[in-house]
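# Chain and residue survey
Below, each chain spelled out in residue letters.
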Amino acid sequence: MHIRRFYGSEMMLVLITYDVNTEDAAGRRRLRQIAKQCVNYGQRVQCSVFECLLDAAQCRSLQAKLCKIMDPQKDSLRFYYLGDHYKSKIEHFGTKTSYLPEDPLIL
């Protein structure tokens, strides 16, 4: 498993997607654990898709946590690094209200 190396403390938008095999109870537990970790770092934008505004240390930490939870034989995680100029790279269509990742999240 390769974990990307980051340098500096600039914030970057990271799109995280996951596909967890939920055929058994262990898989359903992994799914809940991965979603819970992602909610701690960002905003759910679709069922298994999160947008997270992270610095390098946060990104490494989240990657390590998610990789520890997942089963690499059954599950898949993808990280898309949109960087700090992400506003021009995102288009939204449809029903869910769009938001700005740098705005505070109200829970």
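Scoring rules and cut-offs
Residues numbered from 1 in each chain as written. Predicted model: local features only at pLDDT ≥ 70, side-chain atom pairs only at ≥ 80, totals over all residues. Heavy atoms only, no water. Helix = DSSP H or I, 4+ residues; strand = E, 2+ residues; numbered from the N terminus. Buried < 20%, exposed > 50% of the residue type's maximum accessible area, 1.4 Å probe, protein only. Contact = heavy atoms within 4.5 Å. Areas by Shrake-Rupley, 256 points an atom, 1.4 Å probe, with all protein chains shown as cover. Lys, Arg positive; Asp, Glu negative; His and termini not counted. Salt bridge = Lys/Arg side-chain N within 4 Å of Asp/Glu carboxyl O. Polar contact = N/O pair within 3.5 Å; in protein donor to acceptor, adjacent residues only side chain to side chain.

### Here's the deal with the overall build of the protein chain
- When its secondary structure is counted, the protein chain shows two helices and four strands.
- Overall, the protein chain shows an N-to-C arrangement of helices and strands of β-α-β-β-α-β.
- Counting across all 107 residues of the protein chain, residues that qualify as buried make up 34%.
- Long-range pairs, those at least 24 residues apart, make up 69% of the contacts in the protein chain with a sequence separation of at least 6.
- Accessible area of the protein chain: about 7500 Å², with a carbon and sulfur share of 51%.

### Details of the side chain of D55
- Summarising the element assignment, D55 is placed in the loop between β3 (49–54) and α2 (56–69).
- Look at D55: it is buried, it has no salt bridge, and the nearest opposite charge is R60 at 6.8 Å.
- For D55, the side chain forms a polar contact with the main-chain nitrogen of Q58, separated by 2.8 Å.

Honestly, it's all geometry; don't read function into it.
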